[in-house]
Amino acid sequence: MEPVFRALEITAKLAVSATGTTITFRGLENIPASGGAVIAINHTGYVDFLPAALAATRRGRRMRFMIKAEMTDVLVVGWLIKHTGTIPVDRRAGAGAYAAAVESLRRGNIVGVYPEATISRSFELKEFKTGAVRMAKEADVPIVPLIVWGAHRLWTKDHPKALGRKKFPVTVAAGSPIAAHGAAADTLRASMTQLLHDAQYGYEQPAGAFWLPRRLGGSAPTPEEAAVMEEAELAERARRRGDRR
């Protein structure tokens with residue numbers, strides 16, 4: 001029954017209702033009704049996980065996410081991680097998290113993974129890490145591409161939160177499962193790109209909107225500009241770690 005997970009599901013649905021958010025789900029039949037699967041999700045903001053998790057709930061499944069290990073330092077979050085099968089990831093030593101994810105997949109769970117690893121400031125797909133495909137191959141499960149579009153308007157990098165009753169529409173689209181062999185990495189990227197573009201083209205596109213890619217007339221950084229910003233951010237983090245020593 002997993003009472004903690006059930007309580008979180010109820011809370012998530014209440015949060016969606018309270019903010020007036022309308023979520024449109026597409027292709028949920030592509031999420032396996034049973035058995036393990038890697039769910040590869042794009043990453044544009046801090047609340048992508050919620051619509052993705054609700055997509056799994058609609059399919060009668062519960063998604064186990066991989067999450068930054070630092071979050072376990074937050075008392076309440078650490079407790080939730082322990083009771084929901086969430087997998088903490090230490091980016092400096094990810095082997096343990098990888099093994100835990102593979103084991104979870106073998107037990108028949110669906111595991112949510114962000115192939116981009118960090119939030120995309122351009123709202124385009126960044127370069128993918130290899131973990132999603134590798135763990136799917138090792139666990140012998142399919143990969144399901146899943147796109148969340150619109151949730152970044154609520155909370156993303158470099159912009160203030162907009163968590164009140166904003167009534168932002170959100171689209172969640174799942175693509176056909178991909179077998180984890182051969183050109184799976186290329187197929188995954190191509191599928192997620194098509195799903196993302198379809199979701200964007202069916203969504204409002206106000207000129208100059210900060211949350212809209214430059215390609216569509218928005219004011220978001222280009223992928224190249226976003227890469228420079230990320231490099232600067234990483235350098236600043238490294239400097240701060242050095243100052244604390």
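The model shown is predicted, which means the values in this text are computed figures rather than measured ones. (Residues numbered from 1 in each chain as written. Predicted model: local features only at pLDDT ≥ 70, side-chain atom pairs only at ≥ 80, totals over all residues. Heavy atoms only, no water.)

### A closer look at the side chain of Thr 44
Moving on, step 1. With respect to the element layout, Thr 44 can be found in the loop between β2 (37-41) and α2 (49-58).
Moving on, step 2. On the basis of relative accessibility, which here comes to 2%, the residue Thr 44 falls in the buried class.
Moving on, step 3. Setting aside anything within four residues of it in sequence, one finds Thr 44 in contact with Ile 119, Ser 120, Phe 123, Val 148, Trp 149, His 152 and Thr 156. (Helix = DSSP H or I, 4+ residues; strand = E, 2+ residues; numbered from the N terminus. Buried < 20%, exposed > 50% of the residue type's maximum accessible area, 1.4 Å probe, protein only. Contact = heavy atoms within 4.5 Å.)

### Structural notes on the packing of aromatic side chains
Moving on, step 1. Across all of its chains, the model carries 4 aromatic pairs by this definition.
Moving on, step 2. With centroids separated by 5.7 Å and ring planes inclined at 80°, the aromatic side chains of Tyr 203 and Trp 211 adopt a geometry described as edge-to-face.
Moving on, step 3. Among the aromatic side chains, those forming a connected cluster through ring pairs are Trp 149, Tyr 203 and Trp 211.
Moving on, step 4. Taking the ring centre of Trp 211 as reference, the NZ or CZ of Arg 153 above it sits at 4.1 Å.
Moving on, step 5. Residue placement shows Lys 161 over the ring face of Trp 155; its charged tip is 4.5 Å from the ring centre. (Phe/Tyr/Trp six-rings, centres within 6.5 Å; stacked < 30°, edge-to-face > 60°. Lys NZ or Arg CZ within 6 Å of the ring centre and 35° of its normal.)

### Some remarks on the environment of Pro 206
Moving on, step 1. By the element assignment, Pro 206 lies in the loop between α6 (184-201) and α7 (223-244).
Moving on, step 2. Leave out the neighbours within four places in its chain, and Pro 206 touches Trp 211 and Leu 212.

### So, unusual backbone geometry
Moving on, step 1. Its identity is not glycine, yet Ala 117 carries a phi of approximately 75°, on the positive side.
Moving on, step 2. Locating Ala 117 in the fold gives a position in the loop between β5 (110-113) and α5 (131-139).
Moving on, step 3. Phi angles above zero are rare outside glycine, and Asp 140 is one such case at about 60°.
Moving on, step 4. Position of Asp 140 relative to the elements: it lies in the loop between α5 and β6 (143-149).

### As for the side chain of Arg 153
Moving on, step 1. Tracing the sequence through the fold places Arg 153 in the loop between β6 and β7 (169-174).
Moving on, step 2. The exposure class of Arg 153 is buried, given its relative accessible area of 11%.
Moving on, step 3. A distance of 3.0 Å separates the side chain of Arg 153 from the side chain of Glu 204, its partner in a polar contact.
Moving on, step 4. Those residues in contact with Arg 153 that lie beyond four places of it in its chain are Ala 162, Phe 168, Pro 169, Tyr 203, Glu 204 and Trp 211. (Polar contact = N/O pair within 3.5 Å; in protein donor to acceptor, adjacent residues only side chain to side chain.)

### What to know about the nonpolar core
Moving on, step 1. In this structure, Val 38, Met 66, Met 135, Ile 143 and Leu 188 are the most contacted members of the largest nonpolar core, which totals 38 residues.
Moving on, step 2. Breaking this core down by element, the ones donating at least two residues are β2, α4 (95-106), β5, α5, β6 and α6.
Moving on, step 3. Of all the elements, α6 adds the most residues to this core, at 6 residues.
Moving on, step 4. Excluding its chain neighbours within four sequence positions, the residues that come into contact with Val 38 are Leu 105, Val 111, Val 113, Ala 132, Met 135, Ala 136, Val 141, Pro 142, Ile 143 and Val 144.
Moving on, step 5. Grouped together as the second largest cluster of nonpolar side chains are 28 residues, Ala 52, Ala 56, Tyr 114 and Val 144 included. (Core = buried A, V, L, I, M, F, W, Y, C linked by side-chain atoms within 4.5 Å.)

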